[in-house]
Amino acid sequence: GQQVMQIPQYQHVQEGEDFTTYCNSSTTLSNIQWYKQRPGGHPVFLIQLVKSGEVKKQKRLTFQFGEAKKNSSLHITATQTTDVGTYFCAVSGATNKLIFGTGTLLAVQP
Amino acid sequence: DTAVSQTPKYLVTQMGNDKSIKCEQNLGHDTMYWYKQDSKKFLKIMFSYNNKELIINETVPNRFSPKSPDKAHLNLHINSLELGDSAVYFCASSKSRDRGIEQYFGPGTRLTVT
């Protein structure tokens, strides 16, 4: 079945530093969604990308879909302690079945 | 005013027991899902219902049986619990079953089998 890998698995940054997580697939993706899960919490939808090369911004978060639609990235500028959590990419398939990436756990030291 | 709710939040039980987890959404959504998150945080779809009809049934042991009495509720019954069933189970819902529709997750049920 389809697999979506994320790197890194874990990232520890100082508050104010930037952070990037990457999502890679061996097959072309029709779309990519990003979710955030706070420690002890549940996944919360952040955004969806569908077009080749698409870039979307939400305040300090920048999401990008690769030109070949096989990879995506999430970049956070000047991290804050509120950014702590696990970031998942996910592909939505037929019947809206979500195939989640392996996740990147972000720790932010104040 | 909780959008997607699950009960119980925590469930500790012994091997061999049968247990149920309940999920309700008040968003008026047509589609509901069950996901399992293991100890390594990996999230995997288990089932999905659309308007009470089963539309996704992943490779899940038949000890797991979902039931949707109406489109606002999706319950998960697990028979003969095993140690490997320990995980966090998330219910989710979306407006429709169309590809790419945002999913709303419940708070999760942490199941511990001893």
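Now for a description of the structure that goes with this document. Counting starts from 1 at the beginning of each chain's written sequence and moves along it residue by residue. Throughout, the order in which chains and ligands are written sets their labels, letters from A for the former and numbers from 1 for the latter. Local features in this predicted model are restricted to residues of pLDDT 70 or higher, and side-chain atom pairs are both shown and tallied only at a pLDDT of 80 or more, whereas totals for entire chains, interfaces and linings draw on every residue. To get the side-chain values, all heavy atoms of the structure are used, and hydrogens and water are removed first.

Within chain B, the secondary structure is distributed over zero helices and 11 strands. The N-to-C order of helical and strand elements in chain B reads β-β-β-β-β-β-β-β-β-β-β. We take the radius of gyration over the C-alpha atoms and set the globule estimate at 2.2 Å times the residue count to the 0.38 power. At 13 Å, chain B has a C-alpha radius of gyration in line with the 13 Å of a compact globule built from 114 residues. With the principal axes as the frame, chain B shows a C-alpha extent of 35 × 30 × 30 Å. Three exposure classes are used, based on accessible area relative to the maximum for each residue type with a 1.4 Å probe and protein chains only: buried under 20%, partly exposed in between, and exposed over 50%. Looking at chain B residue by residue over its 114 residues, the buried ones come to 44%. Accessible surface area values rest on a Shrake-Rupley calculation with a 1.4 Å probe, where residue burial reflects the displayed protein chains alone. When the accessible area of chain B is evaluated, it comes to approximately 5800 Å², of which 48% is carbon and sulfur surface. Charge assignment: positive for Lys and Arg, negative for Asp and Glu; neither His nor the chain ends contribute. For charged residues, the charge sits on one atom: NZ in Lys, CZ in Arg, CG in Asp, CD in Glu. In chain B, 15 side chains carry a positive charge and 12 a negative one; their mean positions are 4 Å apart. Secondary structure elements follow DSSP: runs of H or I no shorter than four residues count as helices, runs of E no shorter than two count as strands, and numbering proceeds from the N terminus.

The next point concerns the state of the cysteines. Residue and element names in this part refer to chain A. Cysteine sulfur atoms that pair up within 2.5 Å are treated as a disulfide. Taken as a whole, this structure holds two disulfides over all chains when the rule is applied. Two residues share a disulfide in this structure: Cys23 and Cys89, whose sulfurs sit 1.9 Å from each other. Between Cys23 and Cys89, the S-S dihedral sits near 70°, and the bridge is therefore right-handed. Taken together, the positions of Cys23 in strand β3 (residues 19-25) and Cys89 in strand β9 (residues 85-92) put the pair 66 residues apart, joining distant regions of the chain. Grouping residues by exposure puts Cys23 and Cys89 together as buried.

Contact definition: two residues touch when any of their heavy atoms are within 4.5 Å. Across the boundary between the two partners, chain A contributes 20 residues, which contact 23 residues of chain B. For the pair chain A and chain B, the summed buried area comes to about 1800 Å², and 54% of that belongs to carbon and sulfur atoms. Definition used for salt bridges: Asp or Glu carboxyl oxygen within 4 Å of a side-chain nitrogen of Lys or Arg. Linking chain A with chain B are one salt bridge. With a shortest N-O distance of 3.0 Å, Glu58 of chain B and Lys97 of chain A are connected by a salt bridge. Here a polar contact means two N or O atoms within 3.5 Å. Within protein one must be a hydrogen donor candidate and the other an acceptor candidate, and residues neighboring in sequence count only if both atoms are side-chain atoms. Our count for the contact surface shared by chain A and chain B stands at 14 residue pairs in polar contact (both at pLDDT 80 or more). Elements with a minimum of two residues in the side of chain A that touches chain B: β4 (32-37), β5 (43-49), β9 and β10 (98-100) of chain A. Buried area: the accessible area, evaluated with a 1.4 Å probe, that two parts lose upon being put together, summed over both parts.

Right, let's get into the side chain of Ser73 of chain A. Residue and element names in this part refer to chain A. Along the chain, Ser73 turns up in strand β8 (residues 71-76). Taking the relative accessible area as the measure of exposure, Ser73 reaches 15% and is therefore buried. Apart from residues lying up to four places away in sequence, Ser73 is in contact with Thr20, Thr21, Tyr22, Trp34, Thr62, Phe63 and Gln64.

All names here are of chain B. For two strands to be treated as a pair, DSSP must find no fewer than two bridges joining them. The strand order β1-β3-β8-β7 describes an open sheet built from four strands, whose pairing is antiparallel. Both edges of this open sheet fall to β1 (4-7) and β7 (64-70), since each of them pairs with a single strand only. Along the sheet, successive strands turn relative to each other by an average axial angle of 20°, direction set aside. In this structure, strand β3 (residues 19-25) lies alongside strand β8 (residues 73-78), joined through four bridges in antiparallel fashion. Here the axes come from fitting lines to C-alpha atoms, over the contacting stretch only for helices, and the angles between their N-to-C directions go from 0 to 180 degrees.

We now examine unusual backbone geometry. In terms of backbone geometry, most residues other than glycine have negative phi values and most peptide bonds are trans. Geometrically, the link from Ile7 of chain A to Pro8 of chain A is a cis peptide bond, its omega value of -5° lying close to zero. Following the sequence through the fold, Pro8 of chain A ends up in the loop between β1 (4-7) and β2 (10-14). In this structure, Pro8 of chain B follows Thr7 of chain B across a cis peptide bond, with omega equal to -5°. Tracing the chain through its elements places Pro8 of chain B in the loop between β1 and β2 (10-13).

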